[in-house]
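# A structural walkthrough
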Amino acid sequence: MVYQFSDPIYCALYDNTREMLFTGGWDRQLRAIDLKDNVVDQSFGASKEAIRTLHLSGKTLYIAGQEPVVRAFDLETAQIKEFKDQHTSWITCIATFPRFDDSGKPKSNWLL
């Protein structure tokens, strides 16, 4: 299957667990493409400016780009959380790293 977009795609992320392809680009749309059924499962405005980077950590998809905001989308509940005030300009890369409590048990993730 070939997917055609009217605007440039800046980033794509393959989720092997869900067999989904996520794309983001100039049109500010996040697209979730179901590769099993070869359909665009979801498409919605995920940013106020162009999307430049995507990062998946568990069930959370992080989105950022040409604004100083990172948005976290819970893929199971569709809840959205915004991280503001940490950046003053575009965000072109996102990473997460696990955090642990004093006993060594997983606590949460660091978002960088």
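As shown above, the structure is provided for reference.
In this report, we go over the structure that sits alongside the text.

## Re unusual backbone geometry
Of note, the phi angle at Glu19 is positive, near 55°, even though the residue is not glycine. Residue position: Glu19 is located in the loop between strand E1 (9–15) and strand E2 (20–25). The class of Glu19 is partly exposed, set by a relative accessible area of 35%. Positive phi, normally seen in glycine, also occurs at Arg28, with a value near 70°. Tracing the sequence through the fold places Arg28 in the loop between E2 and strand E3 (29–34). A residue is classified by how much of its surface remains accessible, and Arg28, at 39% relative accessible area, is partly exposed.

The rules behind these values
Residues numbered from 1 in each chain as written. Predicted model: local features only at pLDDT ≥ 70, side-chain atom pairs only at ≥ 80, totals over all residues. Heavy atoms only, no water. Helix = DSSP H or I, 4+ residues; strand = E, 2+ residues; numbered from the N terminus. Buried < 20%, exposed > 50% of the residue type's maximum accessible area, 1.4 Å probe, protein only.

Structural measurements only, silent on function.
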